[in-house]
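Residue-level listing of the chains:
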Amino acid sequence: MLETMGKYAAGRLSPFLKWAGGKGQLLETFEAYFPKSFGTYYEPFLGGGAVFFHLASKGRITKAVLSDLNKDLINCYVTVRDRLDELLERLKELQNHARDKEYFYEVVRPNFNKIELQTGSEGDVEKTALLFYLNKTCYNGLYRVNQKDEFNVPWGRYKNPAIYDESHLRAIQRILTQSGITVMCCDYHEATMNAGPNDFVYFDPPYQPVSSTANFTSYTPQSFGWGDQERLSQAYHELADRGCLLMLSNSPKVEKLYSPHTFRIERVRATRAISCVGNKRGPVQELLVLNYQRTDVKD
Ligand SMILES: C[S@@+](CC[C@H](N)C(=O)[O-])C[C@H]1O[C@@H](n2cnc3c(N)ncnc32)[C@H](O)[C@@H]1O
């Protein structure tokens, strides 16, 4: 990894987990909308962290606060950061069962659901290894839990799935262990409490569904409903008043919560991979809400 002028440049880094709503396909489009420079980077709906890894790869992050409410997810980041060698040992064993449907249903999924995390920051190696296995072998790499917090995605029928990539994980570990990088498991409001002037907050909350059948808000047992979108809009207004640089992406359904007289509202085209039905993934419009001018700068 190269360190340039105090910022971290790590070659091209990408998410190590597949995550519904991941922003991988939108990074080139987003590039023109990121602020030119900023203080601390906050990503409080982290998921797979596509935007963080993109900015880090370009050497544009000096300090970052990365967080998500999903304990299983944050547990993975903490394990990769703090216990990677143990994790790799376990993943090597699990790789031998990656084509075994029975092992998926009889061993991995039930064992994964038996391990209860308390904080999400414990770095539980077994829970992380089982989530890697599930993430790379289940249907569409979806993460979905029921109201009892049980992972319930079915087997994905991949021919020969690789459940991990050691060199990729080592590169991710190098980024996460840099002194300016904090990983937290908490609500977005708590995560952004200390954000101040010139800090950049990128919000990518669960999408407000465009129709009643397009609902996907099951990253956590409590779904993210309209009341949560309203609460988020209030937080956005408060952070704007504090001088933070803000970018939010969501479905156009939330447009009425952000006045075009106060904020810059943009629409971009995306292929949303949220639907668990592969053939329902079509081009959709994605709303961006910014409280600063678009940069039009590419590096
Ligand atoms: C659309 S996904 C983010 C995807 C991410 N940008 C990526 O590239 O993979 C939304 C995330 O919000 C998280 N989430 C849901 N409710 C939350 C809350 N109240 N506070 C923080 N995170 C929350 C979910 O666990 C999920 O990971």
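The structure this text deals with has already been given above.
These lines cover the structure that appears in this document, whether it is placed above or below. Source: prediction; values computed, not measured. (Residues numbered from 1 in each chain as written. Predicted model: local features only at pLDDT ≥ 70, side-chain atom pairs only at ≥ 80, totals over all residues. Heavy atoms only, no water.)

Section: the pattern of salt bridges
Put simply, the rule is: Definition used for salt bridges: Asp or Glu carboxyl oxygen within 4 Å of a side-chain nitrogen of Lys or Arg. Helix and strand definitions follow DSSP, with helices as H or I runs of at least four residues and strands as E runs of at least two, each counted in order from the N terminus. In this scheme, a residue with accessible area under 20% of its type's maximum is buried, one over 50% is exposed, and one in between is partly exposed, where area comes from a 1.4 Å probe on protein chains only.
Overall, the coordinates contain 13 salt bridges when judged by the stated rule. Here D204 makes a salt bridge to K23, at a shortest N to O gap of 3.1 Å. One end of the pair, D204, is in the loop between β6 (200-203) and α9 (226-241); the other, K23, is in the loop between β2 (7-9) and α1 (27-30), with 181 residues separating them in the sequence. With a shortest N-O distance of 2.6 Å, E86 and R83 are connected by a salt bridge. Given the relative accessible area of 41%, E86 is considered partly exposed. On the basis of relative accessibility, which here comes to 30%, the residue R83 falls in the partly exposed class. Several salt bridges share partner residues, and in doing so they unite D85, E166 and R170 into one network.

Regarding the sheet that holds strand β8 (residues 264-271)
Rule in force here: By the convention used here, strands pair only if DSSP detects at least 2 bridges between them. Each axis is a line fitted through C-alpha atoms, taken for helices only over the stretch in contact, and angles between the N-to-C directions span 0 to 180 degrees. By definition, residues are in contact when any of their heavy atoms lie within 4.5 Å.
Taken together, the seven strands give an open sheet; going across it, the order is β5-β4-β3-β6-β7-β9-β8, and neighbouring strands pair in mixed fashion. The open sheet has two edge strands, β5 (181-185) and β8, and neither has a second partner. This sheet shows a mean twist of 15 degrees between the axes of neighbouring strands, independent of strand direction. Across four bridges, strand β3 (residues 40-43) lies against strand β4 (residues 63-68) in parallel orientation. Residue T40 lies in a different strand from β4, and its bridge partner there is K63. In the packing of helix α3 (residues 71-82) onto the sheet, the strands contacted are β4 and β5, and the crossing angle to β5 comes to about 145 degrees.

Focus: α9
Where we set the bar: In a helix, the anticipated span is given by 1.5 Å times the number of residues less one. Along the arc lie the directions from the helix axis toward the C-beta atoms.
End to end, α9 covers 23 Å across 16 residues, agreeing with the expected 22 Å (1.5 Å per residue, within 8%). Of the positions making up α9, those classed as buried are Q229, L232, S233, A235, Y236, L239 and A240. The buried side chains of α9 occupy one side of the element, clustering within an arc of 165 degrees when seen end-on. Along α9, the residues that are exposed and aim more than 90 degrees away from the buried face are Q234 and D241. Summarising the contacts, the buried residues of α9 are in contact with α8 (188-191), β6, β7 (245-250) and β9 (283-290). Following α9 by one or two positions, G243 adopts a phi angle in the positive range, close to 90 degrees.

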